[in-house]
Amino acid sequence: MLKILTVVGARPQFIKAAAVSRAIRETDGLTEVMVHTGQHFDPNMSDVFFEELDIPKPQHHLDIHGGGHADMTGRMLIAIEPILLTEKPDWVVVYGDTNSTLVGSLAASKLHIPVAHVEAGLRSFNRRMPEEINRLVTDHLATLNFCPTAVAVANLAAEGVTKGVHHVGDVMYDATLFVTDKAEESSTILTSLGLVPKTYSLATIHRAENTDDREQLLAVVRFLQDQSQKYPVVLPLHPRTRQAALRMGVALDGLKIIDPVGYFDMAKLLHNAIEVYTDSGGVQKEAYFHRVPCTTLRDETEWTETISHGWNRLWMQPAQAVRREIEEYGTGRAAYNVTRLLSSGGSP
Ligand code: UDP
């Protein structure tokens, strides 16, 4: 039996890990232990995803959140090491690009435990983003890098990382397929918000580059306020953005502000939106999965195929291409590609 220790901590990681965790449970010879670092802790940023996506309760909860990057990362590193020493996993699996990703990969590699990185190889080429630093370090420490796109594979090759690199597709597409029909049936969010399909837009803002600077946050909010002249803009507000707007005195008038929603409600909101505005990596792709055009509230994106295939544009640039299907995210079996490669130690 191969023991996989999964490290999660933030909302997008619960969604990605849900797909892989389901595949682990369906694969003979694999068993999973989960560590939740506590990076996201509000019930609507954490518990709701475990419930809706059937993720087993984590065996270890570090309950670490808040503080600066060094503080949070340091406390997590100290807390996770004894767990790795006790659990003695065969693989540590980390997701995406948060401080929890960095902590899992750093602590494991120092203990000579092989690391597998799901959603490897993404680059914004902007090292001011904390996410970019987390990705760079993790990809270079990992024994197996599971890439969602061909561009991600090429990014790693350009940095000399070619061993253990596999294009597996996007586990978030698996998650979207799992949830869309269920959400259409069970979510009542449109009725409770008084929304009619295809007559509203959906927005999310949470990146530090948009929330840490008053002028930048004002510019993003003004952009959304302009867009709301066409259709009302629904904005499930991330706790970080709520705090930043309050602290810096940025008024969110004219936008339909709601608390962060669970994954079913989010899928329903995405599926029925006429347009999406976001600085989220996950939401850019989900807009495409639901075939809704997206505007990215950033000056660059890691998901360049959404732009080249006409589904996405950067907010300061016009749309570049005619809309085409994006094949490289796979067919909804990315999580099974991950478990197959974990089982075989990386042999295709
Ligand atoms: N999401 C959600 N509820 C919300 C906002 C986002 O379920 O109120 C989901 C969204 O559909 C996507 C994921 O959270 O699957 C994206 O997470 P986030 O934007 O926090 O992180 P990123 O993708 O930028 O790493």
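Summarised in this report is the structure supplied together with it.

Strand order in the open sheet formed by six strands is β10-β9-β8-β11-β12-β13, with parallel pairing between adjacent strands. Every interior strand has two partners, whereas the edge strands, β10 (256-258) and β13 (312-314), have only one. Mean inter-strand twist for the sheet, computed between neighbouring axes without regard to direction, equals 20°. Contacting β8 (201-204), β11 (275-278), β12 (294-296) and β13, helix α13 (residues 281-289) crosses the sheet at an angle of about 170° to β11.

With that settled, the discussion passes to helix α5 (residues 130-141). With 12 residues, α5 ought to run about 16 Å at 1.5 Å a step, and its terminal C-alpha atoms sit 17 Å apart, in line with that. If you check which residues of α5 are buried, you get E131, E132, N134, R135, L136, T138 and D139. Here the buried face of α5 lies against β4 (91-95), α4 (99-110), β5 (115-118), β6 (144-147) and α6 (150-158).

Attention now moves to the sheet that holds strand β1 (residues 2-8). Pairing is parallel across the open sheet formed by seven strands, whose spatial order is β3-β2-β1-β4-β5-β6-β7. The open sheet has two edge strands, β3 (60-61) and β7 (165-167), and neither has a second partner. Here β5 pairs with β6 via three bridges, running parallel. Bridge pairing in β6 places V118 opposite F146. Contacting β1, β4 and β5, α4 runs over the sheet at an angle of about 160° to β4.

Attention now goes to the pairing of β1. Along β1, five of the seven residues are buried, which leaves the element largely enclosed by surrounding structure. Of the strand pairs in this sheet, β1 and strand β2 (residues 30-36) are connected by seven bridges, and their pairing is parallel. Considered in β2, the bridge of T6 is made with M34. Following the backbone out of β1, through helix α1 (residues 11-25) and into the adjacent parallel β2, one traces a crossover that is right-handed. Relative to β4, β1 runs parallel, the two being bridged by four bridges. For I4, the partnering residue across the bridge sits in β4 and is W91.

A few words on the site of the ligand. Residues in contact with the ligand amount to 18 residues; listed here are only the nearest, R207, V261, S280, G282 and E286. At 3.0 Å from an oxygen atom of the ligand is found a side-chain nitrogen or oxygen belonging to R11. A distance of 2.8 Å separates an oxygen atom of the ligand from a polar atom in the backbone of G282. Going through the elements one at a time, α1, α12 (263-272) and α13 are the ones with two or more residues in the shell around the ligand. The greatest single-element share of the shell around the ligand, amounting to four residues, is contributed by α13. Residues of the shell around the ligand, tallied by class, amount to 10 nonpolar, five polar and three charged.

By size, the foremost hydrophobic cluster in this structure holds 52 residues, and its most contacted members are V93, F146 and L342. At eight residues, the largest contribution of residues to this core is made by α1. Core analysis: the second largest hydrophobic core is formed by 20 residues, L217, V220, V250 and Y277 among them.

Those residues of helix α11 (residues 239-248) that fall on the buried side of the exposure criterion are T241, A244, A245 and M248. Burial along α11 is one-sided: seen end-on, the buried residues are contained in an arc of 95°. When the buried face of α11 is taken as reference, the exposed residues oriented beyond 90 degrees from it are Q243, L246 and R247. Check the buried side of α11 and you find it contacts α9 (208-211) and α10 (214-227). Taken from the residues just after α11, G249 is the one with a positive phi, measuring 65°.

Here the focus is unusual backbone geometry. Positive phi outside glycine occurs at E119, with the angle close to 80°. Its place among the elements puts E119 in the loop between β5 and α5. One non-glycine residue, K198, lies in positive phi territory at about 65°. Looking at the element boundaries, K198 is found in the loop between α8 (189-193) and β8.

Thresholds applied
- Residues numbered from 1 in each chain as written.
- Predicted model: local features only at pLDDT ≥ 70, side-chain atom pairs only at ≥ 80, totals over all residues.
- Heavy atoms only, no water.
- Pairing = 2+ DSSP bridges.
- Helix = DSSP H or I, 4+ residues; strand = E, 2+ residues; numbered from the N terminus.
- Axes fitted to C-alpha atoms, helices over the stretch in contact; angles between N-to-C directions.
- Contact = heavy atoms within 4.5 Å.
- Expected span 1.5 Å × (residues − 1).
- Buried < 20%, exposed > 50% of the residue type's maximum accessible area, 1.4 Å probe, protein only.
- Right-handed = clockwise from strand over helix to strand, strands pointing away.
- Near = heavy atom within 4 Å.
- Polar contact = N/O pair within 3.5 Å; in protein donor to acceptor, adjacent residues only side chain to side chain.
- Nonpolar A, V, L, I, M, F, W, Y, C, P; charged D, E, K, R; others polar.
- Core = buried A, V, L, I, M, F, W, Y, C linked by side-chain atoms within 4.5 Å.
- Arc of directions from axis to C-beta.

Such coordinate-based values are descriptive only and should not be taken to indicate function.
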